[in-house]
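Observations on the three-dimensional arrangement
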Amino acid sequence: MGWAYTGRPISGELRVDEKWHRVSIDRLELSVTIDDPKMYTRPWVSMDWFPMKLMDPHADLTEMYCSAKELEIYNKKLGNRGESSNEPVGLPDSSHLPCFS
Amino acid sequence: MTSLRTLLSIVVVAALLPLAPALAQWLNYPTAGVPKNADGSPNLAAPTPRTSDGKPDLSGLWANFCQAGDRVVLCLPEIAVPQLFGDIGRGVKGGLPYQPWAADLVKERRANFGKDDPTTHCLPGGIAKLHTSVFLRKIIQVPGLIVFLNERNASYRQVFTDGRALPEDLSPAWNGYSTGHWEGDTLIVQSAGFQDGQWLDRSGSPLTSAARMTEKLRRPNYGTLEIELTVDDSKAYTKPWSVQLKQGILLDTDLLDYICLENERDAVHLIGK
């Protein structure tokens, strides 16, 4: 069993139907229907023409690892010992990183 | 000792993978466009596939080769671990040219069976381990961009082939920032902007933020991918060094979901000396 959105449950019987529409050069829309007879009495539309905007051509994905807690534990145990040597023993602090999902 | 430990950990991982249902899921989706021999078997020695602009097409699902007894086989998690994953310098004459502090560090890390390896703690592995890992990688080549999909932690890597230069000021990243261009049939990829503190292998060969990497990728025939990886990191090594990797194409299958942190129970049991 997994979660969809804010804690709504899904089962192994989940089928997701996505419809993508690129309605203009810089606009993409997404509609999503959730069909999971084990959890819901009927299929329901979770995203209805949800709009997305094309990003500036100079923008790109940036690295974001949702293991901030793991990295924190790792650093606490091993990392960034603050010695004068230039040994890159630990990894940079990531406690500021968001971890939304 | 290190390699045995690695092997054992991978055997455990393999035992946990729900392989049977996953394989069944893809059985009805054979890889398209595979050149065949007269008897219907895949012709892996067939000519290199090419994109519409005439360049070799590196696209495909790739696995490392492993020695299994007296045979060379494709490495899969349930079979064997690529030796370079344990020690990326094993084929380098005289070993890797570590700076003294790096040599000491690797000695300590080996003595501790690599228990502090970031990847052991489910952190990313960077470019070297993308290439040497037992987990599969899929290359997708489109105009201006080559993408590596990494089975491990369902992650990705981008190589920009649209002619851009490496930016001067880069945010540190596990994979750094990569640009590629073709020289004949060889793709030359240059990368910089690495996050400090990475391990290039389970022995703990370090990579610092001063590093630059060059990869030369060739697909000499349908079934083979050759990678020469050069590490130029004067902070950790006295001179640049290179390793050769060879991978084979995997057909009629696909990447599986592998999320290291999911139900992870190993790390707390790892012990050093």
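Cut-offs applied
Counting restarts for each chain: residues are numbered from 1 in the order of the written sequence. As a convention, the first chain written is A and the first ligand written is 1, with the rest following in written order. Under the rules for a predicted model, residues below a pLDDT of 70 receive no local features and side-chain atom pairs below 80 are neither given nor counted, while totals for whole chains, interfaces and linings still include all residues. Strands here mean DSSP runs of E at least two residues long; helices mean DSSP runs of H or I at least four residues long; both are numbered from the N terminus. Any pair of residues counts as being in contact when their C-beta atoms, constructed from backbone geometry, are within 7 Å of one another. In this setup the radius of gyration rests on C-alpha atoms only. A globule is expected at 2.2 Å times the number of residues raised to 0.38. With C-beta atoms placed from the backbone, the exposure class of a residue follows from how many other C-beta atoms lie within 10 Å of its own: 20 or more, buried; 12 or fewer, exposed; in between, partly exposed. Paired strands, in this sense, are two strands between which DSSP finds at least two bridges. Think of a nonpolar core as buried Ala, Val, Leu, Ile, Met, Phe, Trp, Tyr and Cys residues, each tied to the set through C-beta atoms within 7 Å. In a helix, the anticipated span is given by 1.5 Å times the number of residues less one. Arc definition: directions from the helix axis to the C-beta atoms. Between N-to-C directions, angles span 0 to 180 degrees; the directions come from axes that are lines fitted to C-alpha atoms, helices contributing only their stretch in contact. Residue-level confidence of the predictor is what pLDDT reports, using numbers from 0 through 100.

1. Thoughts on the overall build of chain A
Summing up its helical and strand segments, chain A has one helix and five strands in all. Moving toward the C terminus, one meets the helices and strands of chain A in the order β-β-β-β-β-α. Considering only residue pairs separated by 6 or more positions, chain A has 29% of its internal contacts joining residues 24 or more positions apart.

2. Comments concerning the overall build of chain B
When helices and strands are counted, chain B shows five helices and twelve strands. On C-alpha atoms alone, chain B measures out to a radius of gyration of 19 Å, which is about the 19 Å that the 2.2 N^0.38 rule sets for 273 residues. Per-residue burial over chain B gives 38% buried out of 273 residues. For chain B, long-range pairs separated by at least 24 residues make up 60% of all intrachain contacts whose partners lie at least 6 apart in sequence.

3. Looking at the pairing of strand E10 (residues 212-221) of chain B
Residue and element names in this part refer to chain B. Both strand E7 (residues 186-192) and E10 contribute to a ladder of five bridges, which runs antiparallel. Residue pairing for E10: Leu187 is matched across the bridge by Leu217. In terms of strand pairing, E10 meets strand E11 (residues 224-232) through eight bridges, oriented antiparallel. Paired with Glu215 across the two strands is Leu229, which belongs to E11.

4. Observations regarding the nonpolar core
Of all hydrophobic cores here, the largest spans 42 residues; its most connected members are B:Leu58, B:Trp62, B:Leu217, B:Leu229, B:Val231 and B:Tyr237. Once residues within four sequence positions are removed from consideration, B:Leu229 is found in contact with B:Ala128, B:His131, B:Met213, B:Glu215, B:Ser242, B:Val243 and B:Leu245.

5. Regarding helix H4 (residues 100-111) of chain B
Residues and elements named next belong to chain B. A rise of 1.5 Å per residue sets the reference length of H4, with its twelve residues, at 16 Å; its end C-alpha atoms lie 17 Å apart and thus fit the reference within 8%. Residues of H4 that are buried include every one of Ala102, Leu105, Val106 and Arg109, and no others. Down the axis of H4, the buried side of the element spans an arc of 100°, and every buried residue falls inside it. Tucked inside the fold, the buried residues of H4 contact strand E9 (206-207).

6. What to know about the environment of B:Gln158
All names here are of chain B. Inspection of the secondary structure assignment puts Gln158 in strand E5 (residues 155-160). Assessed through the 16 C-beta atoms surrounding it within 10 Å, Gln158 is described here as partly exposed. Each C-alpha atom, one on Gln158 and one on Ile139, is 9.9 Å from the other, the two residues being 19 residues apart in sequence. Leaving out residues up to four positions away in the same chain, Gln158 has contacts with Leu145, Val147 and Ser178.

7. Side note on the sheet that holds strand E5 (residues 44-53) of chain A
Residues and elements named next belong to chain A. A sheet is described by the order of its strands in space; here three strands give the open sequence E3-E4-E5, paired in antiparallel fashion. Every interior strand has two partners, whereas the edge strands, strand E3 (15-24) and E5, have only one. Between one strand and the next, the sheet's axes are offset by a mean angle of 15°, whatever the strand orientation. Bridge count for E3 against strand E4 (residues 27-35) is nine bridges, and the pairing is antiparallel. Note on E4: the bridge partner recorded for Arg22 is Leu28.

8. Focus on the confidence of the model for chain A
Any region with low pLDDT has predicted coordinates that should not be read closely. Residue and element names in this part refer to chain A. For chain A, the mean per-residue pLDDT works out to 77, and 58% of the residues sit at or above 70. Ranking the elements of chain A by mean pLDDT puts strand E1 (residues 2-4) last with 60 and E3 first with 97. Predicted confidence is poor over residues 80-89, with pLDDT under 50, and the contacts of this stretch with residues over four places away or in other chains come to 15 contacts. Overall, residues 94-101 carries pLDDT values under 50, and its contacts beyond four positions in sequence, including any with other chains, amount to nine contacts.

9. Digging into the pairing of E3(A)
Of all ten residues in E3(A), zero are buried; the element is thus mostly exposed. Between E3(A) and E4(A), which pair antiparallel in sequence order, lie two residues.

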